[in-house]
Every structure is written in C-alpha cells, then in structure tokens.
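This is what each chain is made of:
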Amino acid sequence: MRQSHPGHLITLEGGEGAGKTTQQRLLAASLSAHGYTCLTTREPGGTEVGQALRHLLLEAFPAGLSPRTELFLFAADRAEHVETMIRPALQRGSIVICDRFTDSTLVYQGMGRGIEPELIRQINQMATQGLQPDLTLWLNLPPEIGLARVQERRRTLDQMEQQDLHFHDRLHQGFAQLAAAEPRRIREVNALRPIEMIAAEIENIVIR
C-alpha cells in the first residue's frame with residue numbers, strides 16, 4: 001500500500017485491556033532509538049476537539065448514546081484528528097503510531113452496535129479523506145482476560161468497558177475477521193505473553 005505522503009501510519013487495534021497504550025509507548029521509543037521521528041496519538045481524543053468528543057462518547061452520558069450518534073461523533077473526532085494532526089505529521093515524514101483508527105469503528109460500531117458495515121466504510125472514507133494505515137497491529141487477547149485487567153486497574157469504567165462479555169466477544173470476532181480479510185496490512189500479535197516479548201515481536205515486524 002503506497003500513500004501520497006513520505007511518512008507512515010501504524011495503528012494499534014484490539015479489545016479492552018489488550019495493552020495497546022503500553023506497546024505504543026515501547027514502539028515509539030524503539031523507533032526513536034533507531035533515528036525515526038514519531039508521533040503517538042489516539043482515538044478518540046487525539047486533539048483538543050477530540051478530548052471533548054471523547055468525554056461525550058465515553059463518560060458524559062451514563063445511559064450511553066444511540067449507535068448512530070456514537071458513530072458520527074467518532075467520525076467527527078477522526079476528521080479533526082486526520083486533518084489537523086495525522087496528515088500534517090505524515091507530510092513531514094514522521095511515523096504516526098495511533099491507538100485505534102478506522103478498524104475500531106468497523107468492529108465496535110459494526111459488530112458491537114449492529115450498524116451496517118458499508119455505511120461505516122463510507123463514513124470512515126469521508127472522515128479520513130481516503131487515508132489508510134500502512135500497517136495495523138492487532139493485539140489479540142481473549143476478551144475475558146482484557147476486561148479483568150481493566151477492572152483491576154480502574155475504579156470507573158467507560159461506556160465500552162461496561163458492556164457485557166457477549167458484546168466483547170463480538171468485538172474479538174470482528175477483529176479476527178478483519179485480520180483474515182487483510183493479512184498483508186493487519187498483523188496479529190499474541191497479547192497473552194509478557195510485555196517484553198510482545199514488544200520484541202512488534203519491533204521485529206515494524207523495523208526488520
């Protein structure tokens with residue numbers, strides 16, 4: 001996949017508690033040590049506008065939002081994120097490492113909320129103006145283990161973390177389906193192992 005910019009977009013995907021934030025930090029440190037310029041960011045919430053949208057999406061409404069409202073708010077966050085942060089960094093030649101991107105929307109709002117995938121793809125296309133990841137790392141972790149991790153370390157759970165195990169099982173199946181459909185872009189990483197082993201595999205995928 002060749003994009004119209006000198007940089008590279010790497011996305012980290014997976015269920016709750018899979019360790020995306022930790023592996024993002026370790027990958028950025030490794031790439032920086034090899035002389036690359038990196039930008040780490042996340043969705044939702046990678047921009048000032050996104051932080052406000054993240055609060056609306058995950059925290060502000062205890063009863064949750066309707067699925068389509070949720071979808072459009074995620075798209076608004078992504079449009080601002082791509083326009084003001086991701087694309088400029090790619091044009092400068094940076095490696096952008098993003099915690100969640102379009103695949104999460106396909107899985108969470110598609111498999112999780114039941115919105116038709118084609119509608120999600122159209123909205124993703126509009127929000128990103130066609131931007132796609134060069135590489136996606138799927139941190140594959142059984143959902144019951146990920147949820148247990150989240151519950152151990154957080155006193156207050158957000159809207160997605162509060163969903164039942166059946167919901168998170170559907171998400172896991174969704175990521176597996178995407179990985180099977182796009183094996184050249186999406187690389188599965190076993191997230192059951194120690195952090196250092198996971199980081200070593202990711203470094204091998206990305207750098208070597």
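See the structure shown above.
Residues numbered from 1 in each chain as written. Predicted model: local features only at pLDDT ≥ 70, side-chain atom pairs only at ≥ 80, totals over all residues. Heavy atoms only, no water.

Participant: Lay out the pattern of salt bridges in plain terms, naming residues and giving numbers.
Facilitator: Applying the stated criterion across every chain, the model contains eight salt bridges. One salt bridge in this structure joins Arg100 and Glu16, with 3.6 Å as the shortest N-O distance. You can see Arg100 sitting in the loop between β3 (95–99) and α4 (102–112) and its partner Glu16 sitting in the loop between β1 (8–14) and α1 (20–33), a full 84 residues away along the chain. Residue Arg68 is joined to Glu116 by a salt bridge in which the shortest nitrogen-to-oxygen separation is 2.9 Å. Separated by 48 residues along the polypeptide, Arg68 in helix α3 (residues 67–91) and Glu116 in the loop between α4 and α5 (117–128) bring together distant segments of the chain. Overall, Glu116 belongs to the partly exposed group, its relative accessible area being 39%. Here the salt bridges share partners, and the residues they tie into one network are Glu13, Glu16 and Arg100. (Salt bridge = Lys/Arg side-chain N within 4 Å of Asp/Glu carboxyl O. Helix = DSSP H or I, 4+ residues; strand = E, 2+ residues; numbered from the N terminus. Buried < 20%, exposed > 50% of the residue type's maximum accessible area, 1.4 Å probe, protein only.)

Participant: Any chance you could break down helix α8 (residues 195–207) for me, citing the residues and the numbers?
Facilitator: Between its terminal C-alpha atoms α8 stretches 18 Å, which fits the 18 Å expected from 13 residues at 1.5 Å a residue. Residues of α8 that are buried: Ile198, Ala199, Ile202 and Ile205. Down the axis of α8, the smallest arc covering the buried residues is 125°, so these residues share one side. Next to the buried residues of α8 lie α1, β4 (135–140) and β5 (186–190). (Expected span 1.5 Å × (residues − 1). Arc of directions from axis to C-beta. Contact = heavy atoms within 4.5 Å.)

Participant: A description of the state of the cysteines should follow, citing residues and the corresponding values.
Facilitator: Considering all chains together, one arrives at zero disulfides under this definition. Cys98 provides the cysteine sulfur closest to Cys38, a residue in no disulfide bond, and the two sulfurs are 13 Å apart. (Disulfide = S-S within 2.5 Å.)

Participant: With reference to specific residues and values, describe the sheet that holds β4.
Facilitator: Reading across the sheet, the five strands line up as β2-β3-β1-β4-β5 and stay open at both edges, with parallel pairing between neighbours. At either margin of the open sheet sits one strand with a lone partner, and together these are β2 (38–42) and β5. Here the strands of the sheet are splayed against their neighbours by 20° on average, with no regard to which way each runs. The pairing of β2 with β3 spans five bridges and is classified as parallel. (Pairing = 2+ DSSP bridges. Axes fitted to C-alpha atoms, helices over the stretch in contact; angles between N-to-C directions.)

Participant: If you had to explain the nonpolar core to someone new, which residues and values would you point to?
Facilitator: The nonpolar side chains of a soluble globular protein tend to be buried, and buried together. With 23 residues, the main nonpolar core has Leu71, Val107, Tyr108 and Met160 as its most contacted residues. Listed by contribution, the elements that provide at least two residues to this core are α2 (48–58), α3, α4, α5 and α7 (165–181). It is α7 that contributes the most residues to this core, five residues altogether. Those residues in contact with Met160, other than ones at most four positions away along the chain, are Glu16, Leu58, Glu70, Phe74, Tyr108, Gln109, Arg113, Phe167 and His168. Ranked by size, the runner-up nonpolar core spans 17 residues in total, among them Leu12, Ala28, Ile95 and Ile205. (Core = buried A, V, L, I, M, F, W, Y, C linked by side-chain atoms within 4.5 Å.)

Read these as geometric descriptors, not functional statements.
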